[in-house]
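Survey of secondary and tertiary structure
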Amino acid sequence: MRVLWPILLLASVTVVSAQQPPPRPADPKLLSIHPFAGQAGTSFTVTVRGTGIKTATSVQSDLEASVEAVDQEAPPAPGSRRTPSDLVRLKITSAPDAKPGRHNLRLITPGGISNALPIHLTPHAVVSEPDGIHETPETAIPVPSLPTTFTGRITAKGESDFFVFEAHEGQTITFSAASGLPGIGSAGSNANGFDPSLALYELGGSWFDPARIRRVAFNDEPLWFFGRHQEPHLVHRFQKTGKYYLRLEAFSGQGGPDYSYRLDFFPRETQQDRPPADPSGERGFSRLLSTDRLNQLAERGGKPRDRKSVETYNPGPVQLPAIIEGAIAEPGQSQRAHFQIDGPRDIAIEIQTPSADPPLFNPVVRLLDSRGEEVATNILVGRGACTGAMSKSIQAKVIVPIRNPGAYTVEVRDLTADLGDPSFRYRLMIRQQIPHLGNIGIDEDHINLFPGDAKTTRVTFDREEDFRGAVAITVESLPPGVQALPSADYEPDKDAPLTAGKRERFNPRTERAVIAFTADPTAPPTTKPAMARVVVRPIVDGKPGAVAASKQIPIMVVPQP
Amino acid sequence: MKFLLPFLALPLLAAGLDSKMLSLKIYPSTVKLSGAGSTQQFLAIANYSDGVERDVTSETAWTLSHPNLGKLAGARLSALAGGSLNLTARFQGKQAISRVEITNAPPRPFQFGRDIGGILTKRGCNSAACHGGVKGRGGLKLSANALYPKDDYEWITKGGIYQVLTTQVAGDRVPRVNIAQPEKSLLLTKPTGVEAHGGGKRFDIDSEDYRVLLQWVKNGTPYGEEGMGGSGIVAFEVWPSIATLPVQGVRRLLVTARFADGHSEDYTHQVLYASNESDIASVNAEGLVTAHKLGETAILVRAAGQVASAVAGVIGPPIPGYPAVSPANFIDTQVFAKLRQFNLIPSELSEDGEFLRRVCLDLTGTLPPPARTREFLASTDPRKREKLIDTLLASPEYNDYWTFRFSDVFRVAIFANGLMPKWSTGYSEWIRNNIETNRPYDQVARERLSAQGYSPATRHFIPYNQIGTPPDTMAEEVRVFFGRRLDCAQCHNHPYENWSQDQFWGMAAFFGRMFKMGSIVVDHPVNMDWSSKDVDGKIELLHPRTKSAVHPMYLDGSAAQVAADANPRKELARWMTAHPYFAEAAVNRLWGYFFARGIVDPVDDFRSTNPPTHPELLATLASDFRGNGYNLRRLMKTITTSRAYQLSHRPNNTNRADLTNYSHSVARAVDAEVLLDAVADVTGVPETFATSVTGGASAIGQAPAGTRAIHLKDPDMYFSRFLELYGRPSRGAIPERSGKPNLAQALHMLAGATYVDRLGQPNSRLARMLESGATDDRIFEEFYLASLMRLPGADEKAELKQILGQRQDRTAGLREFIWALISSREFAENH
């Protein structure tokens, strides 16, 4: 029989090959939208660039949007490995009462629903970059009036766009740019991310070149730090009346069809928005430590809201639980609060920086006993895996078990000895520990399922302050024929942390659950996405608690080709 | 009588046949000697009508007014008893008198460091090539120049082998002295050649040094009084600091030691002399310098714990009718005084075109356009040069260029600034802001030295996104701001300088608390754990040899008082910017940019064995810089308005060989970035720069239109074949640009894109001129003005016309002409 095996195998392969279904349509993917800004209450046209979207039929957005035309990029030059992208022209109409800000937009195709990209609605007029090259002062784009928002694109490597405007002595103008692509170093970016930078010039000439413009201000972004804006925000007070030029370019000179930008001119000083704080965020310096925090945490731990509000103090003697507010206004300054612990207690110390936060203000908190010995700090220490060198970082929260009653002091200072500023404000909360669910993450932006297929998504959650309850995860509003099933996936082993036994003071225990979304073989295809809702709740003492987190995920059942 | 003639003739020859002796002086003119046994060397210096002074010590007749008080051996007086006397020198009918007072001071107590260490130094035993080397030699380790007499005493009297990385003594401890049989001490038998000695014979058995050493052993090898820390020598003075002498002339040096208690002693016969370039002038063991050929060399003088130097200039024949040159400022006064002393006539003032090109390149790294050149050449304003300097100093091109220059020194580069392009950009912007606002240099230095937190100036402390090691960081800061290289002392006491390993690590300790938390640079308090106990960690810097914690100590050996939670670098920054080295190093670095060599050269290699060519000028410049708020622009104006800076590069017969005295401008290669910009300006075809870190193979972006090479913030970000070939440094270390041509450059000139491809570009300067119908003459003139800041000479023009006439294709011929211009040395050099 042995000799027959290859023949049989070949035959089976041939049969399988002959029965292979036609290829499935690609998952639609949006790469960029240009322009991605428009005035609220108006209609405007945008072009979406992406892959698998040439069959787009409709748009999912809270704005009114429709597909006007579909096209494909010109084929690349011979020898290029670049694949031409699909171009979809959309007409966007926003209601007069549409809220300025970001509005997500997805395309719906026979292959399913796409990822989301934002459209920015502005309260004032939006001007499109005129055709042509604007990379010299002579070809600068005139700014008609302020405030104004421009939309433009850096279409080629090394390109920059100049804008020209008049400013008066003493006038303050804010220039703020945003890109349609993630900046380098920010989440989801790569080396081709678009990180715009701005430079302001005046006429002035030089002995060498009477037409030379002189740079009077430059701003890339206020700070380059993880979790912060990557986008430039330049506020300038003009010393003299005259003509000025603003140049926008990509930080590393990149350019291409996705390098779309928005540029705002405001006739006053404006603050750049801080990244929105995650209301359930536990570990960020910008989260709000409100006087109601004990109830908030209790609720996230499945307990009733029956706690008192927390008192707010200045540095000095305090009663726990306490919020202590202060500022490290002078270099080298430290501030202290004193409190009494009557018996063994597990406490948590949380730090919020309402104004300046890391890397500008880097608060160090030390808990000292009555002898002045350091009991705990908010500094997480470890040893580097490669060199073994000690590494340290400041944390926004530390939990401390106190076993010795007595007088304690909490001290706040800046990491550096030389920096201090009235904006170095802090709110410090010292409280008993409250077991609860901390940060909760739900993967997946959208799900497209063919009948008979399954996809998994993960839900990760932190057990804060020794939360030992169960966690319930439910999925609501699934389309017909689709189920969400509890499941498990492979989780590789991880090395024990180098600081085993210490690390839990700073980092919570993180667990994950897996949900499998399955479409029955007979599941009817959908033409519109169903907005499934994933909900996470704690379960304590046999009872489900309030919703700790939820997320809507658009799901479509895509017909087999 | 005939055999005497040569001897009689020698002084006459040396003096020049036409010169007459005008006066005779004795040095020192007054002396105080401390008790019997003390000695003093005298010099007799004759001044001649040709303006030259000559050492006639050995030809002079010396007499004492009171022979009972002193004894003469040539021109060296030994005190016999207390009292006052006159020493008279007579030469060729002239005489001079020195007043000598001898006190009845008791004999000086014995000091091991001075008496024994002095012999070991003078005889070269503790030189770097011998027992003063890193590991010592032949099993005996001595400190270089007897800098550490206690250590030397231990090794000599107890023996044992020194180890570099530990204080443990290796080998059997066999003393170098034999108390029972002093004459058999290795300390005596080796240097006298009685026993085999790798260093050869150093002195004779009947010498004074042998007698002193033997007596010390016989006395039981006492250590005596501590010398260096108490009443020890604090400084040496060598007179003259600049000795000029004709070829074959001789000149004796006088060395005076200044002691901590304020008194001085003659040390002329207790030091070791060495010439840096003995083919120019050699020096014997008695300090007698003999000139061999024209030039200048340093004569180094070493004694226990001290090194000093003098300059020996071998000068040409006296110049009758030496021209009077009026100084523009103090620079000229000092430069021209030395030129006069060295019989070098400064070159003429540079022509306007030459000056224009030089000052534009030096202040802005940019060639002026032809229209400006025509305007400047045509101007008859007597103050046009000064006005131009003011214009350039206020120009945006100045900001561009000096940002670029300091980006070299301060090392703006991705790898040097945390591996983050954003950080190197921020650091570059910090430098630009300092240049644009002309921020006082001491403030810049203080901020860079002590920066904390996330500020741009902190980014240079985190190469490869790690805090740099304290030794490396300290050595770099000292090199940048003090112009000194301490690196050798990291592993052992510096073999040539007075920098000890302890001093090195004391300085390194200022950087020893530095810590990176996330992206923040902090100085970790030493009185707070900050969770260090979690990993049993400590914040301390250990001495590599003693393995004990080191504490901040200034370079002068004094301990710094730094609070446990303070930033030690702030204290260091205060101390460094107040130290004379700071201004000295800064002005020398700037001087080096403008004159192609520093007064100390290399500009960041100050050391006793590399003395300044113009010490007083260096001191005056530093004082002026300090006194005027460390104002860089002012310093540059002072330098560029000096006549010395504005001299022509064309030498005359007297100064052709001079490369150190600024008697004429010295041509040097234009830096790669400036040259590339110049090529782009002349041809009218700008360069494009691709953003790439992989040798240009996978560019991710491109610098915006109008970007010049000197605008590029980071060499790691923008690959350029031309810039690599022409020596753009990577800034992996403090750059040292050699400017030396190489074969690859020649090939690039012949076939490279920079030179060849540009010439055929449709928007080039040539294309535009051809399109406008310009004549050959007009084109020749335009390109000469654009590239060389001068019009072609009549002969040049005629030759060009002839060559062009032989070409069938006019455009091709003109392209060849432009290629020849931008490939020429005249174009590629700043002169």
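No experiment lies behind these values; they were computed from the predicted model shown.

Things to note about the overall build of chain B
Along chain B, the regular secondary structure elements total 28 helices and 27 strands. For 831 residues, the compact-globule formula gives about 28 Å, and the C-alpha radius of gyration of chain B, at 31 Å, lands near that figure. Along the three orthogonal principal directions, the C-alpha set of chain B runs to about 95 × 90 × 50 Å. Counting every position in chain B, which comprises 831 residues, the buried fraction comes to 45%.

Some remarks on the overall build of chain A
When you go through chain A residue by residue, the secondary structure sums to two helices and 40 strands. Taken over 561 residues, chain A has a buried fraction of 40%.

Let's talk about the sheet that holds strand 34 (residues 454–464) of chain A
Residue and element names in this part refer to chain A. The strand order 32-34-37-36 describes an open sheet built from four strands, whose pairing is antiparallel. The open sheet has two free edges, formed respectively by strand 32 (436–442) and strand 36 (482–487), since each of these has just one partner strand. Neighbour-to-neighbour, the strand axes of this sheet turn through a mean angle of 25°, independent of strand direction. Note that strand 34 and strand 37 (residues 509–519) share ten bridges and pair antiparallel. Within the sheet, the bridge partner assigned to Lys455 lies in strand 37 and is Phe517.

Quick look at the domain arrangement of chain A
All names here are of chain A. Parsing chain A into structural domains produces domain 1 (29–122), domain 2 (126–266), domain 3 (293–434) and domain 4 (438–557). Between domain 1 and domain 2, the C-alpha centre-to-centre distance is 24 Å. Contacts between domain 1 and domain 2 engage twelve residues on the former and eleven residues on the latter. Elements with a contribution of two residues or more to the side of domain 1 that touches domain 2: strand 1 (29–34), strand 2 (37–39) and strand 9 (117–122). Per-element accounting of the side of domain 1 that touches domain 2 gives the leading share, four residues, to strand 1. Tallied by class, residues from the side of domain 1 that touches domain 2 come to five nonpolar, six polar and one charged.

Notes on the packing of helix 8 (residues 352–364) of chain B against helix 10 (residues 384–393) of chain B
Residue and element names in this part refer to chain B. Relative orientation of the contacting elements helix 8 and helix 10 amounts to 25°, with a least axis distance of 10 Å. Here helix 10 runs roughly parallel to helix 8, going by the angle between their axes. Pair helix 8 / helix 10 crosses with right-handed handedness. Here Phe355, Val359, Cys360, Leu363 and Thr364 of helix 8 come into contact with helix 10, specifically with Arg385, Leu388, Ile389, Leu392 and Leu393.

A word on the interface of chain A and chain B
Contacts between the two partners involve 44 residues from chain A and, on the opposite side, 42 residues from chain B. Per element, the largest residue contribution to the side of chain A that touches chain B is five residues, and it comes from strand 27 (residues 379–383) of chain A. Residue composition of the side of chain A that touches chain B, grouped by class: 19 nonpolar, 13 polar and twelve charged.

Quick look at the packing of helix 17 (residues 580–595) of chain B against helix 19 (residues 632–640) of chain B
Residues and elements named next belong to chain B. Running from N to C, helix 17 and helix 19 cross one another at 45°; their axes reach a closest spacing of 11 Å. Here helix 17 lies oblique to helix 19, going by the angle between them. Along this stretch, helix 17 crosses helix 19, giving a crossing that reads as right-handed. Here Val587, Leu590, Trp591 and Phe594 of helix 17 come into contact with helix 19, specifically with Leu635, Met636, Ile639 and Thr640. A class-by-class count of the residues in the contact of helix 17 with helix 19 yields seven nonpolar, one polar and no charged.

Here's the deal with the confidence of the model for chain A
All names here are of chain A. Looking at chain A as a whole, the pLDDT averages 89, with 90% of positions reaching at least 70. Model confidence for chain A, summarised as mean pLDDT per element, is weakest for helix 1 (residues 5–19) at 47 and strongest for strand 22 (residues 322–327) at 98. Here residues 184–190 is a poorly scored stretch, pLDDT under 50, and it has 13 contacts once near neighbours within four places are set aside; other chains count.

What about helix 19 of chain B?
For helix 19 of chain B, every residue scored as buried is listed here: Leu632(B), Leu635(B), Met636(B), Thr638(B), Ile639(B) and Thr640(B). Its buried side turned inward, helix 19 of chain B meets helix 7 (330–341), helix 8, helix 10, helix 13 (441–450), helix 17 and helix 18 (615–627) of chain B.

Regarding the environment of Glu374(A)
Along the polypeptide, Glu374(A) turns up in strand 26 (residues 374–377). Counting along the chain gives 155 residues from Glu374(A) to Asn219(A), while the straight-line C-alpha distance between them is 42 Å. Residues in contact with Glu374(A), not counting those within four places in the same chain, are Arg366(A), Leu368(A), Met528(B) and Asp529(B).

Description of the environment of Glu226(B)
Considering the arrangement of structural elements, one finds Glu226(B) in the loop between helix 5 (208–218) and helix 6 (227–231). Separated by 413 residues in the primary sequence, Glu226(B) and Ile639(B) place their C-alpha atoms 46 Å from one another.

Comments concerning the pairing of strand 2 (residues 30–34) of chain B
Consecutive residues of a regular strand have side chains that alternate between opposite faces of the sheet. All names here are of chain B. By the alternation rule, side chains of strand 2 split into Val31 and Leu33, which are all buried, and Thr30, Lys32 and Ser34, of which none is buried. Sheet topology places strand 2 next to strand 10 (residues 94–103); five bridges connect them, and they run parallel. Bridge assignment links Leu33 to a residue of strand 10, and that residue is Ile102.

Quick word on the nonpolar core
Core analysis: the largest hydrophobic core is formed by 239 residues, its most contacted members being Leu428(A), Val289(B), Ile299(B), Val301(B), Ala312(B) and Val587(B). In terms of residues, this core owes the most to one element, helix 17 of chain B, which gives nine residues. Apart from the residues within four sequence positions on either side, Ile299(B) is in contact with Leu253(B), Tyr273(B), Ser275(B), Val283(B), Val289(B), Ser309(B), Ala310(B) and Ala312(B). Ranked by size, the runner-up nonpolar core spans 71 residues in total, among them Leu90(A), Val126(A), Ile173(A) and Ala178(A).

Regarding the sheet that holds strand 22 of chain A
Residue and element names in this part refer to chain A. Spatial ordering of the open sheet is given by 20-22-31-24-29, a layout of five strands whose pairing is mixed. Where the open sheet ends on each side, the last strands, each with one partner, are strand 20 (311–313) and strand 29 (397–402). Pairwise comparison of adjacent strand axes, ignoring direction, gives a mean angle of 20° for this sheet.

Overview of the domain arrangement of chain B
Each assigned domain of chain B is listed here: domain 1 (2–103), domain 2 (112–228), domain 3 (232–317), domain 4 (452–572) and domain 5 (669–830). Spacing between the C-alpha centres of domain 1 of chain B and domain 2 of chain B amounts to 37 Å.

A closer look at the pairing of strand 40 (residues 549–557) of chain A
Residues and elements named next belong to chain A. As paired elements, strand 33 (residues 447–449) and strand 40 share three bridges and run parallel to each other. Along strand 40, the bridge assignment pairs Leu449 with Val557. Bridge count between strand 38 (residues 530–540) and strand 40: seven bridges; the pairing is antiparallel. Residue pairing in the sheet places Val535 in a bridge with Ser550 of strand 40.

Cut-offs and rules
Residues numbered from 1 in each chain as written. Chains lettered and ligands numbered in written order. Predicted model: local features only at pLDDT ≥ 70, side-chain atom pairs only at ≥ 80, totals over all residues. Helix = DSSP H or I, 4+ residues; strand = E, 2+ residues; numbered from the N terminus. Rg over C-alpha atoms; globule rule 2.2 N^0.38 Å. Buried ≥ 20, exposed ≤ 12 C-beta atoms within 10 Å, placed from the backbone. Pairing = 2+ DSSP bridges. Axes fitted to C-alpha atoms, helices over the stretch in contact; angles between N-to-C directions. Domains from an automatic or database assignment. Contact = placed C-beta atoms within 7 Å. Nonpolar A, V, L, I, M, F, W, Y, C, P; charged D, E, K, R; others polar. Parallel < 35°, antiparallel > 145°, perpendicular 65-115°, else oblique. Left-handed = near helix turned anticlockwise from the far one by under 90°. pLDDT = per-residue confidence, 0-100. Core = buried A, V, L, I, M, F, W, Y, C linked by C-beta atoms within 7 Å.

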